[in-house]
Amino acid sequence: MIEDVLAARDEALIAIAAASQLELLGALDAHYLGKKGVFTTYKASLGALTTVDEKRAAGQALNDAGQAVSSALALRRAVIASAERVLRLGAERIDLTEAMARPARGHAHLVTQAWERLEDVFIGLGFQIAEGPEVETDFHNFEALNMPPSHPARSGFDTMFTDYAPDGTVLLRTHTSPVQIRVMQTIAPPIYMVMPGRVFRRDTPDATHMPVFHQIEGLVVDRNITMAHLAGTIDAFTRAFFGGDFTSRLRPNYFPFTEPSAEFDIQRPDGTWIELGGCGMVHPNVLRAVGLDPEEWSGFAFGFGIDRMARERHGIDDIRDMYSNDIRFIEQF
Ligand code: DAH
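Residues numbered from 1 in each chain as written. Predicted model: local features only at pLDDT ≥ 70, side-chain atom pairs only at ≥ 80, totals over all residues. Heavy atoms only, no water.

Got a minute to help me understand the overall build of the protein chain in this structure?
Counting its regular elements, the protein chain contains 11 helices and 10 strands. The C-alpha radius of gyration computed for the protein chain amounts to 45 Å, which surpasses the reference 20 Å derived for 333 residues by more than 25%, pointing to a less compact arrangement than a globule. Along the three orthogonal principal directions, the C-alpha set of the protein chain runs to about 140 × 40 × 40 Å. When the 333 residues of the protein chain are sorted by exposure, 40% land in the buried category. At a minimum sequence separation of 6, the contacts of the protein chain that also span at least 24 residues come to 63%. For the protein chain, the exposed area adds up to about 18400 Å²; of that, 54% sits on carbon and sulfur atoms. (Helix = DSSP H or I, 4+ residues; strand = E, 2+ residues; numbered from the N terminus. Rg over C-alpha atoms; globule rule 2.2 N^0.38 Å. Buried < 20%, exposed > 50% of the residue type's maximum accessible area, 1.4 Å probe, protein only. Contact = heavy atoms within 4.5 Å. Areas by Shrake-Rupley, 256 points an atom, 1.4 Å probe, with all protein chains shown as cover.)

Put into structure tokens, the structure is as follows:
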């Protein structure tokens, strides 16, 4: 009987090792260890053995075999269960690669980026933002800015006039300075304002000029404002916009709407200078044109090109590239 038990045990262990499904293990369990299983049947026939020693030896062999089969079943169950879990997890995995196939997103044009960054920097310095109309009157664009009809500086602006008003008094603004006038006509000082916008001049496009371009104007009107406030503001702006390793300087110049007037340049870390824009102390005639008393109020103003700033920042050789709408160029910025 012992040989039969050992043979049944070996057969069971081989079958268990080969089983790859939990149901099959259940069937093997029942077949060998169940109520009517192989080993149970052997156990029932122990009584038929003649000597006590035989009974004990066979009983021992039967117990050992039963335990070997039972622990082989448990081990195999654990292995199959974990393999099945791995398979199930694999089947339930969600494939997210589809999300990568989204169309490419666009972004703001580089002039818009420079415009918004300029606004951010000036807001950080305590300024407010204002905008004015692109179609202007001669009064706002020239006359109130201390350029009466015969003033020679007018011819420098290459103005485009509309035929809306027959006498040439309505025009496309040649600079953002008329917004200074509108701001001073609308709100009382103290004024700390920047005014970005699109401007127009009768110009043939070349590497550094476009007939339509962008400027940002600055205006401060308060009591006891001096040239030192102007220089300090330009310098704070330069460092905030370009970086702490840039500096600025003012050079004497002439503008009808400021006195004294200056050109302002910024110095790159490598020591070279870039001319950025104009500035000065608001001319008393300009203050008078909007009904402010120059004895009580003083101020400074500045204006410079946004396109030029964007060009400078990104090292673009030809300003026309910024407007050619060639996506291979535009998408780099
Ligand atoms: N409006 C001038 C231009 O377009 C730039 C400018 C110069 C603006 C001096 C100012 C200023 O406010 O004070 O050339």
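What's the story with the domain arrangement of the protein chain in this structure? I'm lost.
A common measure of how large an interface is: the accessible area buried when the components associate. Partitioning the protein chain into structural domains gives domain 1 (2–92) and domain 2 (110–330). On a C-alpha basis, the centroid separation for the pair domain 1 and domain 2 is 94 Å. (Domains from an automatic or database assignment.)

I tried to follow the sheet that holds strand β5 (residues 191–200) on my own but got confused; where do I start?
Whenever strands of a sheet pair, they do so through backbone hydrogen bonds, lying parallel or antiparallel. Ordered in space as β1-β5-β6-β10-β9-β8-β7, the seven strands form an open sheet in which the pairing is mixed. Where the open sheet ends on each side, the last strands, each with one partner, are β1 (128–129) and β7 (247–255). One ladder, built from eight bridges, connects β7 with strand β8 (residues 258–267); its direction is antiparallel. Residue pairing across strands places Ser248 opposite Ile266, the latter belonging to β8. In the packing of helix α10 (residues 306–314) onto the sheet, contacts are made with β5, β6 (212–222), β9 (273–282) and β10 (298–305), and the angle to β10 comes to roughly 60 degrees. (Pairing = 2+ DSSP bridges. Axes fitted to C-alpha atoms, helices over the stretch in contact; angles between N-to-C directions.)

Got a minute to help me understand the pairing of β9 in this structure?
Note on strand geometry: in a regular strand, side chains alternate between the two faces of the sheet. Among the 10 residues that make up β9, eight are buried, leaving the element largely enclosed by the rest of the structure. With eight bridges connecting them, β8 and β9 associate as antiparallel partners. Considered in β9, the bridge of Ser261 is made with Gly280. Linkage of β8 to β9, two consecutive antiparallel strands, is achieved through a turn of five residues, within which Gly271 is found at a positive phi near 95 degrees. Of the strand pairs in this sheet, β9 and β10 are connected by five bridges, and their pairing is antiparallel. Bridged to Gly280 within β10 is Ala301.

Looking at this structure, I do not really get the site of the ligand. What am I missing?
Taken together, 15 residues form the shell around the ligand, and within it His175, Ser177, Arg201, Gln215 and Glu217 come nearest. At 2.9 Å from an oxygen atom of the ligand is found a side-chain nitrogen or oxygen belonging to Gln215. Between the ligand and the protein, one listed contact pairs an oxygen atom with a backbone N or O atom of Phe302 at 3.3 Å. Contact with the protein chains removes 91% of the 360 Å² of surface that the ligand exposes when unbound. When contributions to the shell around the ligand are tallied by element, the ones reaching two or more residues are α7 (177–186), β6, β9 and β10. (Near = heavy atom within 4 Å. Polar contact = N/O pair within 3.5 Å; in protein donor to acceptor, adjacent residues only side chain to side chain.)

Teacher, can you tell me more about the pairing of β6 here?
Most of β6 is tucked away, with 10 of its 11 residues classed as buried. Summarising the sheet, β5 and β6 pair through 10 bridges and their orientation is antiparallel. Note on β6: the bridge partner recorded for Phe200 is Val212. Here β6 pairs with β10 via eight bridges, running antiparallel.

How should the sheet that holds strand β2 (residues 135–137) be read in this particular structure?
Pairing is antiparallel across the open sheet formed by three strands, whose spatial order is β2-β4-β3. Of all strands in the sheet, those with a lone pairing partner are β2 and β3 (160–161), marking the two edges.

Please clarify how the environment of Arg182 should be interpreted in this entry.
Structurally, Arg182 can be placed in helix α7. When the C-alpha atoms of Arg182 and Glu131 are compared, they prove to be 9.3 Å apart, with 51 residues separating the residues in sequence. In contact with Arg182, not counting residues within four places along its chain, are Pro133, Glu136 and His140.

Just to check I follow, could you spell out α7 for this structure?
Residues that lie three or four places apart on an α-helix share one face, since the helix turns once every 3.6 residues. A large share of α7 lies buried, amounting to seven of its 10 residues. Buried-residue contacts for α7 involve β2, α6 (138–141), β5, β6, α9 (284–289) and β10.

Can you walk me through the packing of aromatic side chains in this structure?
The geometry of two aromatic rings is summed up by the distance between their centres and the angle between their planes. Counted under the stated rule, the structure contains 15 aromatic pairs. Ring plane angle 35 degrees and centroid distance 5.3 Å describe the contact between Phe237 and Phe304, whose orientation is recorded as tilted. In this pair, Phe237 sits in helix α8 (residues 227–242) while Phe304 sits in strand β10, placing the two residues 67 residues apart along the sequence. When the ring of Phe242 is compared with that of Phe246, the centres are 5.2 Å apart and the planes differ by 25 degrees; the resulting orientation is stacked. (Phe/Tyr/Trp six-rings, centres within 6.5 Å; stacked < 30°, edge-to-face > 60°.)

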